[in-house]
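Notes for the structure review
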Amino acid sequence: MATNRRVSRVAELIKREVSQMLLNGIKDDRVGTGMVSVTDVDVSGDLQHAKIYVSIYGTDEAKAETMAGLKSATGYVRSELGARVRLRRTPEVLFLEDRSIERGNKVLALLNQLNHQRPPEMVTVEDSTDQDDESFDE
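This text gives an overview of the structure that appears in the document. Throughout this description, residue numbers start from 1 for each chain and increase along the sequence as written. The model is predicted, so local features are restricted to residues of pLDDT at least 70 and side-chain atom pairs to those at 80 or more, both for listing and for counting; the totals for chains, interfaces and linings are taken over all residues. Side-chain measures were taken over the full set of non-hydrogen atoms in the model, leaving aside hydrogen atoms and water.

Quick word on the overall build of the protein
Helix and strand definitions here come from DSSP, where helices need a minimum of 4 consecutive H or I residues and strands a minimum of 2 consecutive E residues; each element is numbered from the N-terminal end. If you tally the helices and strands in the protein, you get five helices and three strands. Going residue by residue from the N terminus, the α and β elements of the protein occur as α-β-β-α-α-β-α-α. Per-residue accessibility, obtained with a 1.4 Å probe over protein chains only, is compared with the maximum for each type, and a residue is labelled buried under 20%, exposed over 50%, and partly exposed between these values. Evaluated residue by residue, the protein yields a buried proportion of 28% over its 138 residues. Only heavy atoms matter for contacts: two residues are in contact if any of them lie within 4.5 Å across the pair. Taking the intrachain contacts of the protein between residues at least 6 apart in sequence as the baseline, contacts between residues at least 24 apart amount to 65%.

Structure representation (structure tokens):
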């Protein structure tokens, strides 16, 4: 069993290498349909499995095509990771779509909408300077 520090270091290394592969290595045209970025990598404690979370910008059709391209390129990504990362065993790779950015944008839009719909509150400020002045005189 690997230590937490080693697991996080391996996850960061895999994230960096897969990002480079997305830029230069993967030749599948479906992967280039949407703008893809690696948001997170979750590596199991025994370093045998790696879940790679990707964020895809584009239409739903582009997202589906990109995920299909990534799933078909899984073997290539694993073999490249084996060549680039010096581990005893190369982890099994699984690509998962990360929709957290979309959910965050949706929540922010709803909050902004509620903020614009809210009526302005009446703020009254009492003149408390007279009371404060008296307390200092004592």
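Text resumes after the structure shown.
A word on the sheet that holds strand β2 (residues 49–57)
Only strands joined by at least two bridges in the DSSP assignment are considered to pair. Here three strands make up an open sheet; going across it, the order is β1-β2-β3 and the pairing mixed. Since the sheet does not close on itself, it has two edges, and those belong to β1 (35–43) and β3 (92–97), each with one partner. Strand after strand, the sheet turns through a mean of 25° between neighbouring axes, direction not considered. Taken together, the eight bridges between β1 and β2 define a ladder with antiparallel strand orientation. Counted as the bridge partner of Met35 is Tyr57 from β2. A fitted line through C-alpha atoms serves as each axis, taken over the contacting stretch for helices, and the angle formed by two N-to-C directions is quoted from 0 to 180°. Its contacts with the sheet place helix α2 (residues 60–72) against β1, β2 and β3, and it is angled at close to 175° to β3.

With respect to the side chain of Ser55
Relative to the helices and strands, Ser55 resides in strand β2. Ser55 gets classed as buried once you look at its relative accessible area, which sits at 12%. Every residue in contact with Ser55, bar those within four places of it in the chain, is listed here: Met35, Val36, Ser37, Thr39, Asp98 and Ile101.

Focus: the nonpolar core
Residues belong to one nonpolar core when they are buried, are Ala, Val, Leu, Ile, Met, Phe, Trp, Tyr or Cys, and are joined through side-chain atoms within 4.5 Å. Judged by nonpolar contacts, the single largest core of 26 residues is most densely connected at Ile14, Val18, Ile52, Val54, Leu70 and Phe95. Sorting the residues of this core by element identifies α1 (4–25), β1, β2, α2, α3 (74–84) and β3 as the ones contributing at least two each. Sorting elements by how many residues they give to this core places α1 first, with seven residues. If we skip the residues at most four places from it in the chain, Leu70 touches Leu22, Ile26, Val31, Val36, Val54 and Phe95.

Observations regarding the environment of Arg99
Mapping Arg99 onto the fold places it in the loop between β3 and α4 (100–117). For Arg99, a relative accessible area of 37% puts it in the partly exposed group. Between the C-alpha atoms of Arg99 and Tyr57, which are 42 residues apart in sequence, the distance is 9.9 Å.

Describing the pattern of salt bridges
Here, a salt bridge means any side-chain nitrogen of Lys or Arg that lies within 4 Å of a carboxyl oxygen of Asp or Glu. Summed over all chains, the structure comprises six salt bridges. Among the ionic pairs, Arg84 bridges to Glu80, the shortest N-O distance being 3.3 Å. Here Arg84 pairs with Glu80, and both are found in helix α3, just four residues apart, close to one helical turn. Looking at Glu80, the relative accessible area reads 23%, which means it is partly exposed. Among the salt bridges present, the one from Glu97 reaches Arg99, with a minimum N-O distance of 3.5 Å. The structure contains a network of salt bridges with shared partners spanning Lys63, Glu97, Arg99 and Glu102.

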